[in-house]
Amino acid sequence: MLIRAITLEEKDLYNRMVTHPLQSWEWGEFKKLNGQQIERVGFFEGGKLMNAFQVSFHQVPGGNTVGYLPKGPMPDEEQLKSLQQLAAKHKAIFVKIEPNVMIKAGSKNSGFATIDKFIRDRGGQKGHALFTKYTFVLDLEKTQDELFAQLHSKTRYNIRLAIKKGVQIIDDTSEGGLETFLRLLRETTTRQSFYAHDDDYYRGLWKALGKSGIMRIFHAVYNETVLVSWIIFNFNGKLYYPYGASSSLYREVMASNLMMWEVIKYGQQNKLKSFDMWGALGPEPDQKDPWYGFHRFKEGYGGTLMENFDSYDLVYNQTFYKLFNAADKVRWAGLRVKKMFGI
């Protein structure tokens, strides 16, 4: 097997091989705008690309880096050897891997235990997950009538109410559409007291993905006012909902419910196979959890609750790894303090 860097001329071939937007070529270009170094590796047999992944390296104090391989392929010997070589090249303390592997939540699958043992036997250890453990995934290959029938009754009612009230869903995939999203996002984060990326992050996202066809921006409009704005990803036959924002106005017209339904219809019209709603609580969610409302909202659309494979750190410098984790705990404690005191 030949293992080498992917070239720019192989961009389209690479994109057809990987299975998640965070592994797309365009996402790597976006990370470069944030100052990260990107490595794309291909595994070839007989001149044919058989597998590929993209890993980003983030600079940390002391001249070292940390690597991140989100939503990549199933780990194997070739992948881990390649990561070890890249880690040496970039002076990485560790490389975090979060494979794009999931099972139905609550099901027993020995495959997870097998992968866990494989990674641990090669020096990997459980790390702090950057992706949520669970997500709802909706099968878009059903008919529209079947999808509507499997909605929770309250969700169906809210969609019909939004339609009756005259809420409109528009595609505004443009720089102006992004600025509308950012305005609503600032309002949302202030109202709900959670942290989001700054405006430059999303403007960089637009620069890298805006014209690729991967990124779409939808607005829910009522009474000539944008009430809800979502960024969605369309990649390799799958739909994703990573970012959303909303206004506090006209909450009674249920604009978000219609938005989700129209996004589902968009996925069907574009012959996409599934819709990953990008995050949920577990099988027995705590109703006091601050994210319970988001979980219940997504649950209303009849998707299957899926469990993602764990996050692992492939550690190459144990001393610096301990220091990094200690500093990271202080950082997260500081963020919790800021949230507590509104600073």
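What comes next concerns the included structure.

Mapped onto the secondary structure, Ser247 falls in the loop between β12 (238-246) and α9 (255-269). A distance of 3.5 Å separates polar atoms of two side chains, one belonging to Ser247 and the other to Glu187. Among residues more than four places away in sequence, those in contact with Ser247 are Leu184, Glu187, Arg191, Val226 and Leu227.

Our next topic: the environment of Leu151. Here Leu151 is to be found in the loop between α5 (144-149) and α6 (153-165). The buried category is assigned to Leu151, whose relative accessible area is 4%. Between the alpha carbons of Leu151 and Glu299 there is a distance of 8.7 Å; along the sequence they are 148 residues apart. Look past the residues within four positions of Leu151 in its chain and what remains in contact with it is Arg156, Ile159, Trp261, Gly300 and Tyr301.

On to a nonpolar patch on the surface. Taken together, Met1, Ile3 and Met50 make up a surface patch of nonpolar side chains, about 280 Å² in accessible area. Structurally, Met50 is set in strand β3 (residues 48-60). Under the relative-accessibility criterion, Met50 is labelled partly exposed at 41%.

Tallying each qualifying case throughout the model produces 19 salt bridges. One salt bridge in this structure joins Lys117 and Asp121, with 2.8 Å as the shortest N-O distance. No difference in accessibility class separates Lys117 from Asp121, as the two residues are exposed. Ionic pairing is found between Asp310 and Lys133, a salt bridge with its closest N-O pair at 2.5 Å. Of this pair, Asp310 sits in the loop between β14 (304-308) and β15 (312-315) while Lys133 sits in the loop between β7 (124-126) and β8 (134-139), placing them 177 residues apart in sequence. Judged by relative accessible area, which is 22%, Asp310 ranks as partly exposed. Connected through salt bridges with shared partners, the residues Glu179, Arg186, Asp199, Asp200 and Arg203 form a single ionic network.

So, on to the sheet that holds β15. The seven strands are arranged β1-β2-β3-β4-β5-β15-β7 in an open sheet whose pairing can be described as mixed. Of all strands in the sheet, those with a lone pairing partner are β1 (2-5) and β7, marking the two edges. Sheet twist, expressed as the average angle between the axes of neighbouring strands with direction ignored, equals 25 degrees. Relative to the sheet, helix α2 (residues 25-33) contacts β2 (37-45) and β3, its axis offset from that of β2 by approximately 155 degrees.

Glancing now at the packing of α6 against α9. For any two helices packed against each other, one specifies the crossing angle of their axes together with the interaxial distance. One way to put it is that α6 packs onto α9 with a least axis distance of 8 Å and a crossing angle of 100 degrees. Overall, the two elements α6 and α9 adopt an arrangement that is roughly perpendicular. Between α6 and α9, the contacting residues are Thr155, Asn158, Ile159, Ala162 and Ile163 on the first element and Asn257, Leu258 and Trp261 on the second. Its residues assigned to classes, the contact of α6 with α9 shows five nonpolar, three polar and no charged.

Criteria and cut-off values
- Residues numbered from 1 in each chain as written.
- Predicted model: local features only at pLDDT ≥ 70, side-chain atom pairs only at ≥ 80, totals over all residues.
- Heavy atoms only, no water.
- Helix = DSSP H or I, 4+ residues; strand = E, 2+ residues; numbered from the N terminus.
- Polar contact = N/O pair within 3.5 Å; in protein donor to acceptor, adjacent residues only side chain to side chain.
- Contact = heavy atoms within 4.5 Å.
- Buried < 20%, exposed > 50% of the residue type's maximum accessible area, 1.4 Å probe, protein only.
- Patch = residues over 30% accessible without salt bridge, like charges linked within 9 Å, V, L, I, M, F, W, Y side chains within 5 Å.
- Areas by Shrake-Rupley, 256 points an atom, 1.4 Å probe, with all protein chains shown as cover.
- Salt bridge = Lys/Arg side-chain N within 4 Å of Asp/Glu carboxyl O.
- Pairing = 2+ DSSP bridges.
- Axes fitted to C-alpha atoms, helices over the stretch in contact; angles between N-to-C directions.
- Parallel < 35°, antiparallel > 145°, perpendicular 65-115°, else oblique.
- Nonpolar A, V, L, I, M, F, W, Y, C, P; charged D, E, K, R; others polar.

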